[in-house]
Amino acid sequence: MKPETKGGRKAGALQLDLFHTAEPDRYGSLEKVSAEIRKCLKCGACRAVCPVFCEALDESYGARGRVALTEALLEGGLGLGPGFTHRLSTCLNCKSCVEACPSGVAVDDLVLAARAEIFEKGRFPWLKKFIFRHLLKRGRLLPPVSKTIAWIERKILKGLPPSSPYRVLLPAVKVDRDRNLPVFAEKTMMERLPETVRPEGEPRMRVGFFVGCATNLIFPRVGLAAVRVLVGEGFEVVMPRGQVCCGVPVYTAGDRVDARDLAAANARAFRRHDLDAIVVCCASGGLALKRDYERVLGLEAGALGAPVYDISEFVVEFGLDALEPAGLESVTVTYHDPCHLNRGQGQTEAPRRILEAIPHVAFVEMEEADRCCGGGGTFSFSHYDLAKEIGRKKVGFVAATGAAVVATSCPSCMMQLEDMLRRNGLPQRVVHVVELLAPYYAPLGAETAAGPQGGRK
Ligand code: SF4
Ligand code: SF4
């Protein structure tokens, strides 16, 4: 018999009543989008903050231009040609324009609406469609694919200079040949831990951990650090095995049908466990679960069965007491605000509170810490030239601090910062905030049975 969820509904019957709209609305409500367009004063205050406009210096690549393009599309004055598609694809969804707009225009929603139209009626790259439909939705296929990539990286690509002829193969899969590739892990995060990890003694709460693809496949060390902190603070951690990709790359590309399937799969996976909270260590994944599932995909409020927190937000709210020095070598650390944690979730203080509380960390602010790094999830793969220029500015701010480490709160930013630092010949190490905190807690048991684990050191 399937377990009852907290709301008293049977987990297996959830699909029918998970959404408050029967069909995905391509515009997230046409009236809403038209109302956003009418709010635009054409003042141009969004131009100076748009990282893409600042590089392209072309109105049609800035926020005001995207509003005008979306308006022309809705009024039928513009078709879904390659010029339109390209310009709409160059938005990072960084939300800088939304923050700066005196009229409160949700440019991010307008761009997503236009992309949904492109996905529905325009030309959409076959490779992306294949990845959405056959890899992300069938989560079980991802680990073998990522392990194959890990093998190729270690056996073939490692050590090849950018000029190597073997690298000509990379553009065939839409990867720039001189890019520093993210290194896939040989063993995923989910393979390293059991579904449930318990603390010593009676748990304070039962916490669901949303792992996310980048943490699972590329940065298991981040997920392991997060679980170590949570368990050390006395929380029982559950990583539901049915969880899949958050769907961000899918719905930000315009595919709301497949994204709704992913959101529904995640809702079912988490509701099967009687959780008090869900914790995420990926800014974009957290924004999806906290806000976009409901706002963009029409998932019912509370469908995940528990409130969602970013890991820093959760630790500060429920667990961060004074830390005893652990004899670690001092290090100067600066912090980069991920757009989807800062402007997306309004979280800027919590990661800084953690960094300031860590005894071996000397925290130093960088200039324009909230400026987008140019990663933007898949943006840096599809628009690498723009990503390189935007990223170059960011790593200039990092270098000016003199910090040896740059901490952030999103695996996507970590990949971009890592690539940009190496590309610009800078030595800074890139870490997630929780990795600096983890050494203050007892390591998780070597054997990963669901038995009691350690507490704070
Ligand atoms: S979300 Fe960012 S990249 Fe997109 S239009 Fe706004 S400022 Fe520009
Ligand atoms: S800042 Fe807002 S109102 Fe002004 S042009 Fe940009 S979107 Fe329109």
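This write-up is about the structure you can find in this document. (Residues numbered from 1 in each chain as written. Chains lettered and ligands numbered in written order. Predicted model: local features only at pLDDT ≥ 70, side-chain atom pairs only at ≥ 80, totals over all residues.)

## Quick notes on the site of ligand 2
So, point 1. Around ligand 2 there are 16 residues in total, and Cys40, Cys43, Ala45, Cys46 and Cys101 lie nearest to it.
So, point 2. Counting residues per element, the ones that place at least two in the shell around ligand 2 are helix 3 (63-74) and helix 5 (96-100).
So, point 3. Top element by residues in the shell around ligand 2 is helix 3. It accounts for 3 residues.
So, point 4. Looking at side-chain class alone, the shell around ligand 2 contains 12 nonpolar, 2 polar and 2 charged residues. (Near = placed C-beta within 6 Å. Helix = DSSP H or I, 4+ residues; strand = E, 2+ residues; numbered from the N terminus. Nonpolar A, V, L, I, M, F, W, Y, C, P; charged D, E, K, R; others polar.)

## With respect to the packing of helix 15 (residues 311-318) against helix 17 (residues 349-357)
So, point 1. Look at helix 15 against helix 17: their axes get within 8 Å of each other, and the N-to-C directions meet at 65°. When you trace helix 15 past helix 17, the crossing you get is left-handed. Contact residues: Ser312, Glu313, Val315 and Val316 in helix 15; Ala350, Pro351, Arg353 and Ile354 in helix 17.
So, point 2. Of the residues assigned to the contact of helix 15 with helix 17, the class counts are 5 nonpolar, 1 polar and 2 charged. (Axes fitted to C-alpha atoms, helices over the stretch in contact; angles between N-to-C directions. Left-handed = near helix turned anticlockwise from the far one by under 90°. Contact = placed C-beta atoms within 7 Å.)

## Quick word on the environment of Phe119
So, point 1. With respect to the element layout, Phe119 can be found in helix 6 (residues 107-121).
So, point 2. Between the C-alpha atom of Phe119 and that of Tyr251, which follows or precedes it by 132 residues, the distance is 9.8 Å.

## A closer look at the nonpolar core
So, point 1. One finds Phe209, Ala226, Val237, Ile278 and Val434 to be the most contacted residues of the largest nonpolar core, which totals 128 residues.
So, point 2. If you tally residues by element for this core, the top one is helix 6, at 8 residues.
So, point 3. Both domains that furnish three or more residues to this core are identified here as domain 1 (30-121) and domain 2 (331-440).
So, point 4. Apart from residues lying up to four places away in sequence, Phe209 is in contact with Ala226, Val227, Val237, Val238, Met239 and Val279. (Core = buried A, V, L, I, M, F, W, Y, C linked by C-beta atoms within 7 Å. Buried ≥ 20, exposed ≤ 12 C-beta atoms within 10 Å, placed from the backbone. Domains from an automatic or database assignment.)

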